[in-house]
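# Inside the fold
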Amino acid sequence: MNVLVPLPFVLPLLGAALALAMRNHGRALRVLGTVFLIGVVGSTAALLHAVARDGVVAVQVSGLPAPLGITLVADRLSALLLVVSGVVLLAIMLYAAGEGGLSAEEPGVFYPAYLTLTAGVCLVFLAGDLFNLFVAFEVMLASSYVLLTLTPTRERMQAGMTYTVVSLTSSILFLTAVGLAYAATGTVNLADLSGRTAELPPGTRSALGLLFLVVFGIKAAVVPMHLWLPDSYPAALTKITAVFAALLTKAAVYSLIRVQTLLFPRDDASMPMLALAAATMIVGTLGALAQDDLHRVLSFVLVAHIGYMLFGLALFTVAGLAGAILYLVHHIVVQATLFLVSDIMQIETGEKSLRRLGGLAGGSAFTAVLFLIPALSVSGIPPLSGFVAKLALFQAGIGAGGAWGRAVTGVAALTGLLTLMAMTRVWTLAFWRPRPPGSGASPEVREVAPRHGLRPIRTVTAAMVGSGLMLVVLAGPLSAWSRDAAQSLADRTAYRNAVLHGGEAP
Amino acid sequence: MTGAAISLVIAVGVLFAVGFDLLLQRSLIRVVVGFVLLGHGANLALLLAGGAGGRAPLLGGGDDRPAADPLPQAMALTAIVITFGVTAFLLALAYRSVLMQDDDEVRDDLEDRRVGRDREDEE
């Protein structure tokens, strides 16, 4: 059963190697990519089952005991995120395969890079020590640099440069933080560190905590470290933006949750993090309201909603963490869906600028429905999954956050309304009004139309909307699972025992 | 802390300062050089994290002096490989952007400027 733990990132790496070997066979690559991602989803589901049965599962790679060797850990939080990411990665792979257009131009690059990205994302969720976490981020980001600059245009090269340099800066800071943590404690194993950071002088401890907050804050696009995201994500091919938006920032949020709860636990809400969360929500939604490019609107919505997850973490209560976990799951699915729908909108009209989009509701009612459901969900309209996740966060904020917690809950509610306003703006401009004159003739029109027509990509997008709705159906078990996950994050003993003492209490 | 360690600490500080300064310039090649310097700084910091130096950490060296901590060395090696690969990618990116726009300056973002101009027009 322990062999299950490394499978989610060993499988796609193997797939990437195979894909490189047969990079000239477009059709075979599509089959290979899909088969390997189905394998990833299967192995993560089996891992979820194992974690549900046995609690935290830890594997010491090459058999060296815990603080010395490389440790891989799967607990409730990472198992849940692995399954959700696996499903989203598979859906977007199917979307790319069904589209057959742009990805067919450079399939020999797209498929290996995509599979490596999958491996990196899975390794982030499984890493049990800081240095391994750094390597996982590098694997994930290195393939994302390649994916972002696929089929280069001038705009894409510039966005790629911004994105690469900002990511690398945060990676260098990450590496320095790992070095400093090692200098202060003599270990990089997360479970081992969780015991030793408590003995550090308070100054060293908060300096390390802040450094990690900045490192993951840049990667997660927390305001004021978000400026790179809306400038770079929209330039990529839309399906790639969908993967990035769904998973890369969320991997950073996951790492932030993991490091802060394990290394720097506290009993009260963290003021700086509450302030950052509020700023992220407000700046993000106001940005979404100001933008004209549809992808930029969605990118700012992404920034805003990172604030919700940070809010849940900043409360440092079980309820807050549970809310943040629910929000992570909801947002991974819904953000990917929104980007996929925006790609379909772009194919149908040849436009992605809101001032030139129009008349979509008359032409294709199905696309309108596909957009409306995730748009309402991300704004938090009941009974969709956004409402369930927001409700959990609001209850946590009002329940235990004190005056500041209640204030940020107010900000979060306002952000929900502003998101609704941004989404309504897209709805009225793109769907409801008649097509403006000159629409469809913009120079930024999508380069290549999908080869197999709209049917396959619409089916995949509809399936993604369906999985968003499934989150509502499963809201009960999902809430219970995230409460248990949050409980074990706050408690820490199960995690430490599994890593350091082979599962038994010391 | 020995004199050698202190001079290394100062070197880390200088590398970080120069690296971040270069990173903020408009010319892409300076950005790449800045990143390389930052990488060196971070790797030196990693090495310093291992504490005092010593003999090579090999089994059966036949030497009684205390061995140096091998873990930061292993981490620095991995980090060097990663920064090497990424630097190659950055250089390729900079070269591509020279080919595409005839200079290696980072431009202002067009969409940002357009949104800003729209707001001014409305006022």
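Residues numbered from 1 in each chain as written. Chains lettered and ligands numbered in written order. Predicted model: local features only at pLDDT ≥ 70, side-chain atom pairs only at ≥ 80, totals over all residues.

### Quick notes on the overall build of chain A
Using the following cut-off: Elements are defined by DSSP. Helices are runs of H or I of four residues or more, strands are runs of E of two residues or more, and each kind is numbered from the N terminus. The globule rule used for comparison is 2.2 Å times the number of residues to the exponent 0.38, while the radius of gyration itself is calculated over C-alpha atoms. A residue is called partly exposed when the number of other C-beta atoms within 10 Å of its own lies between 12 and 20, exposed at 12 or fewer, and buried at 20 or more, with C-beta atoms placed from the backbone. Two residues qualify as being in contact provided that their C-beta atoms, derived from the backbone, are within 7 Å of each other.
Each helix and strand in chain A was counted, giving 21 helices and 2 strands. Relative to a compact globule of 506 residues, whose C-alpha radius of gyration would be 23 Å, chain A shows 22 Å and is just as compact. Its C-alpha atoms give chain A principal-axis dimensions of roughly 70 × 55 × 40 Å. Residues counted as buried form 61% of the 506 residues belonging to chain A. Contacts in chain A between residues far apart in sequence, at least 24 positions, make up 80% of those at least 6 positions apart.

### Overview of the overall build of chain B
Across its full length, chain B holds 4 helices and 0 strands. Counting helices and strands in the order they occur from the N terminus, chain B gives α-α-α-α. Restricting the contact set of chain B to residue pairs at least 6 apart, pairs at least 24 apart contribute 50%.

### Here we look at the interface of chain A and chain B
We count it as follows: Here the term charged refers only to Asp, Glu, Lys and Arg, the term nonpolar to Ala, Val, Leu, Ile, Met, Phe, Trp, Tyr, Cys and Pro, and the term polar to all other amino acids, Gly among them.
Listed as interface residues are 29 residues of chain A and, on the opposing side, 29 residues of chain B. Those elements that place two or more of their residues in the side of chain A that touches chain B are α6 (130-148) and α7 (154-185) of chain A. Considering each element in turn, the side of chain A that touches chain B owes the most residues, 16 residues, to α7 of chain A. A breakdown of the residues in the side of chain A that touches chain B according to their chemical character gives 15 nonpolar, 8 polar and 6 charged.

### Here we look at the environment of Asp293 of chain A
All names here are of chain A. In this structure, Asp293 sits in the loop between α12 (271-290) and α13 (294-314). By the C-beta count within 10 Å, which is 19 here, Asp293 ends up partly exposed. For the pair formed by Asp293 and Pro234, sequence separation is 59 residues and the distance between their alpha carbons is 8.6 Å.

### Observations regarding helix α20 (residues 475-491) of chain A
Residue and element names in this part refer to chain A. As a reminder of what qualifies: Every helix has an expected span of 1.5 Å times one less than the residues it contains. The arc in question is traced by the directions running from the helix axis to the C-beta atoms.
Its 17 residues give α20 an end-to-end C-alpha distance of 24 Å, which sits within 8% of 24 Å, the value for a rise of 1.5 Å per residue. Within the span of α20, buried status applies to Leu478, Trp481, Ser482, Ala485, Ala486, Ser488 and Leu489. Mapping the buried residues of α20 onto a view down its axis gives an arc of 165°, with all of them on the same face. Away from the buried face of α20 by more than 90 degrees, exposed residues Gly476, Pro477 and Ala480 are located. Within two residues after α20, Arg492 carries a phi angle of roughly 70°, on the positive side.

### Considering the nonpolar core
Residue and element names in this part refer to chain A. Selection rule: The term nonpolar core refers to a group of buried residues, namely Ala, Val, Leu, Ile, Met, Phe, Trp, Tyr and Cys, whose C-beta atoms join them within 7 Å.
Val88, Val124 and Ala336 are the most contacted members of the largest nonpolar core, which has 223 residues in total. The element that contributes the greatest number of residues to this core is helix α14 (residues 318-349), accounting for 21 residues. Aside from chain neighbours lying at most four places away, what touches Ala336 is Val88, Ile92, Ala242, Ala245, Ala246 and Met464.

### Examining the pairing of strand β2 (residues 70-74) of chain A
Residue and element names in this part refer to chain A. Just so we agree on the cut-off: Pairing between strands is defined by DSSP: at least two bridges between the two strands are required.
Counting buried positions along β2 yields 4 of 5 residues, so the element is predominantly enclosed. By the bridge criterion, 5 bridges tie strand β1 (residues 57-61) to β2 in an arrangement that is antiparallel. Looking at the pairing, Gln60 lines up with Thr71 of β2.

### So, the confidence of the model for chain B
Residues and elements named next belong to chain B. Heads up, the condition is: Confidence scores labelled pLDDT are given residue by residue by the predictor and lie between 0 and 100.
Mean pLDDT for chain B: 83, with 88% of residues reaching 70 or above. Across chain B, the secondary-structure element scoring lowest on mean pLDDT is helix α4 (residues 110-122), at 69, and the one scoring highest is helix α2 (residues 28-49), at 92. For this predicted complex, the interface score ipTM comes out at 0.90, while the overall pTM is 0.93.

### Thoughts on α6 of chain A
Counted at 1.5 Å a residue, the expected span for α6 of chain A with its 19 residues is 27 Å, and the 26 Å between its end C-alpha atoms agrees. α6 of chain A sits mainly inside the fold: 18 of its 19 residues count as buried.

### Let's talk about unusual backbone geometry
Residue and element names in this part refer to chain A. Residue Pro224 is reached from Val223 by a cis peptide bond, and omega for that bond is 5°. With respect to the helices, strands and loops of the structure, Pro224 is situated in the loop between α9 (202-220) and α10 (228-232). For the bond from Pro382 to Pro383, the omega torsion is 0°, close enough to zero to count as cis. Structurally, Pro383 can be placed in the loop between α16 (365-379) and α17 (385-400). Of note, Ala221 is a non-glycine position whose phi angle comes to about 60°, a positive value. Position of Ala221 relative to the elements: it lies in the loop between α9 and α10. In this model, Arg492 sits at a positive phi of 70°, which is unusual for a non-glycine residue. Note that Arg492 resides in the loop between α20 and α21 (493-500).

### A closer look at the packing of α16 of chain A against helix α18 (residues 402-432) of chain A
All names here are of chain A. As a reminder, the rule being used: Each axis is a line fitted through C-alpha atoms, taken for helices only over the stretch in contact, and angles between the N-to-C directions span 0 to 180 degrees. Convention used here: angles under 35 degrees read as roughly parallel, angles over 145 as roughly antiparallel, angles from 65 to 115 as roughly perpendicular, and any remaining angle as oblique. Throughout, a crossing is termed right-handed when the near helix is turned clockwise from the far one, and left-handed when it is turned anticlockwise from it by less than a right angle.
Packing of α16 against α18 brings their axes to within 8 Å, and their N-to-C directions diverge by 165°. When the axes of α16 and α18 are compared, the pair comes out roughly antiparallel. The element α16 and its partner α18 pack so that their crossing is right-handed. The segment α16 lies against α18, with Ala368, Ala375, Val378 and Ser379 engaging Gly416, Thr419, Leu420, Met423, Trp427 and Phe431.

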